[in-house]
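# Breakdown of the fold
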Amino acid sequence: VQLQASGGGLVQAGGSLRLSCVVSRGWFARVAMGWFRQAPGMEREFVAGINWSRGNLEYTDAVKGRFSISRDVAKTTMFLQMNGLKPEDTAVYYCAAAPGFWTRVPVTIFPYDFWGQGTLVTVSS
């Protein structure tokens, strides 16, 4: 299974970007998928996640009301719509997959066994 993230770029504060994550070369019977980010010198942190079959969502508090996660089941693609971007959102964004049955989307990195390569988001002030 491969995950390919795209959509990053340079944007001014207050702007928007839409990230995509395409899953190819296989799929999962059950999976939760998530977006993480890692700023320079910082640990990788959870941003948002979705239970693929049930559709329940999780967001970190810092992005609630600004970011929206969604999926296209037929295209095995996950999206992260990012509005109202702030300079502190600057980071490399990764998509990841946590195979298995989840009653709640995991918010730590450990259950996520599959990772995309990352896409850089830079927000200027």
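Read on for an overview of the structure. (Residues numbered from 1 in each chain as written. Predicted model: local features only at pLDDT ≥ 70, side-chain atom pairs only at ≥ 80, totals over all residues. Heavy atoms only, no water.)

## Concerning the environment of Thr90
Within the element layout of this structure, Thr90 appears in the loop between strand S8 (77-82) and strand S9 (91-99). Discounting residues that sit within four places of it in the chain, Thr90 has contacts with Ala39, Val121, Thr122 and Val123. Of note is the side chain of Thr90, whose polar atom sits 2.9 Å from the backbone oxygen of Pro87. Within the structure, the side chain of Thr90 is placed 2.9 Å from the backbone nitrogen of Val123, a separation counted as a polar contact. (Helix = DSSP H or I, 4+ residues; strand = E, 2+ residues; numbered from the N terminus. Contact = heavy atoms within 4.5 Å. Polar contact = N/O pair within 3.5 Å; in protein donor to acceptor, adjacent residues only side chain to side chain.)

## A short note on the environment of Glu88
For Glu88, the position within the fold is in the loop between S8 and S9. Assessed through its relative accessible area of 57%, Glu88 is described here as exposed. Taking C-alpha positions, Glu88 is 24 Å from Phe110, a pair spaced 22 residues apart along the chain. (Buried < 20%, exposed > 50% of the residue type's maximum accessible area, 1.4 Å probe, protein only.)

## Things to note about the nonpolar core
Nonpolar side chains tend toward joint burial in soluble globular proteins. Formed by 29 residues in total, the largest nonpolar core has its most connected members in Met33, Trp35, Met78, Leu80, Met82 and Tyr93. Of all elements in the fold, only strand S1 (2-6), strand S3 (17-24), strand S4 (31-38), strand S5 (45-51), strand S7 (67-72), S8, S9 and strand S11 (119-124) reach the threshold of two or more residues within this core. Once you skip the residues sitting within four places of it in the chain, Met78 turns out to touch Leu19, Ser20, Cys21, Met33, Gly34, Trp35, Ile50, Trp52, Ile69, Ser70, Arg71 and Cys95. By size, the runner-up hydrophobic cluster in this structure holds seven residues, among which are Ala32, Phe36, Ala96 and Ala98. (Core = buried A, V, L, I, M, F, W, Y, C linked by side-chain atoms within 4.5 Å.)

## Description of the pattern of salt bridges
Applying the stated criterion to the full structure yields five salt bridges. Its salt-bridge partner being Arg104, residue Glu58 comes within 2.5 Å of it at the nearest N-O pair. Here Glu58 is found in strand S6 (residues 57-59), whereas its partner Arg104 is found in the loop between S9 and strand S10 (114-115), with 46 residues between them in sequence. Several salt bridges share partner residues, and in doing so they unite Arg37, Glu45, Arg66 and Asp89 into one network. (Salt bridge = Lys/Arg side-chain N within 4 Å of Asp/Glu carboxyl O.)

## Some thoughts on the state of the cysteines
Applying the stated criterion to the full structure yields one disulfide. One disulfide in the model links Cys21 with Cys95; its S-S distance is 2.2 Å. With the S-S bond torsion at 70 degrees, the cross-link from Cys21 to Cys95 turns out right-handed. A residue pair is termed long-range when its members are at least 10 positions apart, and Cys21 in strand S3 and Cys95 in strand S9 qualify at 74 residues. With respect to burial, Cys21 and Cys95 carry one shared label: buried. (Disulfide = S-S within 2.5 Å.)

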